[in-house]
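Okay, here's what each chain looks like letter by letter:
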Amino acid sequence: MALREGALRLNLLLNSRTFYKFNSSVGVRSLSDIVSSKPVTSSAPEIAGDHLIYTQEHFALKESLRKIIDQEINPHVEQWEAEGIFPAHKVFKILGSAGFLGVNKPVEYGGLGLDYSYSVAVAEELGHIRCGGIPMAIGVQTDMTTPALARFGSAELKQEFLLPSIMGDKVACLGVSEVGAGSDVSSIMTKAVRKGDEYVINGGKMWTTNGTQADWICLLVNTSDGPPHRNKSLICVPMNLPGVQIARKIEKLGMWSSDTAEVFFDDVHVPCKNIIGQEGMGFTYQMLQFQEERLWAVANILTMMENIIQETIQYTRQRKIFKRPVLHHQSVHFRLAELQTEVELLRALLHSATALYIKGNDVTKLASMAKLKGGRLAREVGDSCLQFWGGMGFTSDVLVSRFYRDSRLMSIGGGADEVMLGIICKYMDTLPKN
Ligand SMILES: Cc1cc2nc3c(=O)[nH]c(=O)nc-3n(C[C@H](O)[C@H](O)[C@H](O)COP(=O)(O)OP(=O)(O)OC[C@H]3O[C@@H](n4cnc5c(N)ncnc54)[C@H](O)[C@@H]3O)c2cc1C
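The shown structure was predicted, so the numbers you read here are calculated from the model rather than taken from an experiment.

### Points about the environment of Gly277
- Turning to its location among the elements, Gly277 is positioned in the loop between strand 7 (260-271) and helix 10 (282-318).
- On the basis of neighbour count, Gly277 is assigned to the partly exposed category, with 18 C-beta atoms found within 10 Å.
- The sequence separation of Gly277 and Gly153 amounts to 124 residues, and the corresponding C-alpha distance is 5.2 Å.
- In contact with Gly277, not counting residues within four places along its chain, are Phe152, Gly153 and Tyr285.

### Notes on the nonpolar core
- In this structure, Ile235 and Leu295 are the most contacted members of the largest nonpolar core, which totals 111 residues.
- If one sorts the elements of this core by residue count, helix 10 sits on top with 12 residues.
- Residues in contact with Ile235, not counting those within four places in the same chain, are Ala192, Tyr199, Leu219, Val221, Val270, Asn274, Ile275 and Ile276.

### A short note on the site of the ligand
- Not every one of the 23 residues close to the ligand is listed here, only the nearest: Val176, Gly182, Ser183, Trp207 and Thr209.
- Elements supplying a minimum of two residues to the shell around the ligand: strand 1 (172-175), strand 3 (198-209) and helix 14 (417-428).
- Here the residues of the shell around the ligand are counted per class, giving 10 nonpolar, 11 polar and 2 charged.
- When residues of the shell around the ligand are assigned to domains, at least three map to each of domain 2 (172-280) and domain 3 (283-428).

### Digging into helix 9 (residues 155-167)
- At Phe161, helix 9 shows its largest bend, some 30 degrees, and a proline, Pro164, comes one to four positions later.
- Turning to helix 9, its buried residues are Lys158, Phe161, Leu162, Ser165 and Ile166.
- In this structure, the buried residues of helix 9 make contact with helix 5 (88-97), helix 7 (133-144), helix 8 (147-152), strand 1, strand 4 (216-222) and strand 5 (232-238).
- A positive backbone phi angle near 85 degrees is found at Gly168, which sits one or two residues after helix 9.

### Topic: the packing of helix 10 against helix 11 (residues 330-358)
- Close contact between helix 10 and helix 11 brings their axes to 10 Å; oriented N to C, the two are set at 160 degrees. Comparing their axes, helix 11 and helix 10 come out roughly antiparallel. Judged by the twist between their axes, the crossing of helix 10 over helix 11 is left-handed. Here Leu295, Val298, Ala299, Leu302, Met305, Glu306, Ile309, Thr312, Ile313 and Thr316 of helix 10 come into contact with helix 11, specifically with Val332, Leu336, Leu339, Gln340, Val343, Leu346, Arg347, Leu350, Ala353, Thr354 and Tyr357.
- For the contact of helix 10 with helix 11, a count of residues per class yields 15 nonpolar, 4 polar and 2 charged.

### A short note on the packing of helix 10 against helix 13 (residues 399-406)
- With their axes 10 Å apart at the nearest point, helix 10 and helix 13 run at an angle of 145 degrees to one another. Considering how the two elements wind past one another, helix 10 and helix 13 form a crossing that is left-handed. Residue-level contacts link Met304, Ile308, Glu311 and Thr312 of helix 10 to Leu399, Val400 and Phe403 of helix 13.
- Its residues assigned to classes, the contact of helix 10 with helix 13 comprises 5 nonpolar, 1 polar and 1 charged.

Calculation criteria
- Residues numbered from 1 in each chain as written.
- Predicted model: local features only at pLDDT ≥ 70, side-chain atom pairs only at ≥ 80, totals over all residues.
- Helix = DSSP H or I, 4+ residues; strand = E, 2+ residues; numbered from the N terminus.
- Buried ≥ 20, exposed ≤ 12 C-beta atoms within 10 Å, placed from the backbone.
- Contact = placed C-beta atoms within 7 Å.
- Core = buried A, V, L, I, M, F, W, Y, C linked by C-beta atoms within 7 Å.
- Near = placed C-beta within 6 Å.
- Nonpolar A, V, L, I, M, F, W, Y, C, P; charged D, E, K, R; others polar.
- Domains from an automatic or database assignment.
- Bend = angle between axes of the 7 residues up to and from the residue.
- Axes fitted to C-alpha atoms, helices over the stretch in contact; angles between N-to-C directions.
- Parallel < 35°, antiparallel > 145°, perpendicular 65-115°, else oblique.
- Left-handed = near helix turned anticlockwise from the far one by under 90°.

Next up, the structure:
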């Protein structure tokens, strides 16, 4: 039901957008009239008309996605967390059919052709899923594995890998990190050697989100012995090829419903046409791909932090200590006010970075700052809020303890805090040159 409704709304959105764009004559209804006539609520305090980057269409998109989250995802989160995996094919098909796996991807490959601010809106809304693992898995599909393919891949490659990933028919994963190379991406060892019209791949990838269920991997490999920033390529590799082995599913502190795999590649033969863009440009493409990954991660965790603060307010308002609510102790409501202030500052940074990004600017510095701040703030929100829940916060029954575990990854994954600091220093020209 939610699926059909979501799909219908997004079709309206897409069709009306085209209509809106190319029919500027008098009498044409505005897109917002067509999409929704009711007021749209948002977790952000702004009303749509005054929002820095969101229009009525963004809010309509969020509202549509929220229905899917509430009806098709949240009722199953407890079970999937307990099982240590969620059914990616099933969930992605629901989201893909409704258009949510490619809002900013080209229309000819099943996307909605909207700008990146819509991806940020989607990432924010996915923060309402009551765990970190499932949003992360969705983000890997939409904003970590496919941006380079959409931008630089050949038409044939996009038809084979991008279109089914946007439609939710294929699950994707990203193979950058290795046992010996995480923060220092340039030191990866996995190799692809050209033999005729094929690459033969040998090596291994670590920490591969969606890895046990994925149909294909966007794999960063060395394709020559040249300098580390010029010898890498991104290749689309089907996961069912002979020689691809899922070595193990990794048990983790948090993000339980997201499967994380170690994957080996043993003489895997892949057609040369599976390379994304130009050989030797993989490192550059991956660094560009990281920009969207980082903005996405910040947008997603913003909503989660806001929800944790709100749930903590509700809980501490009704829980009494020393004859008055926990919330009425000044150290508690002042701390929550401070955290909410920091959330708003981060939102302002994210939205201004997004506004610049959709105008074609390089926002590496701002995206890195937002990712750094997002990771650090999430740790503060998780720690302070859990404290205010007392013993209840230490149980598995409440969202705050899951957030405490899940959000710890934000300061490590997709570039650790120190890597972000290094990038910011480069842009500030304060990094000592070797
Ligand atoms: C749950 C999970 C899911 C993941 N999913 C994926 C995925 O789908 N695909 C993928 O490719 N990778 C994935 N990763 C890998 C993730 O991106 C890496 O863990 C991350 O980049 C850090 O690399 P590392 O773990 O090798 O840490 P290391 O590189 O060993 O770094 C260890 C620590 O060193 C510190 N450090 C780093 N640089 C500096 C510096 N310049 N100065 C001082 N200190 C520094 C940081 O504190 C860092 O945490 C995932 C990881 C996890 C845990």
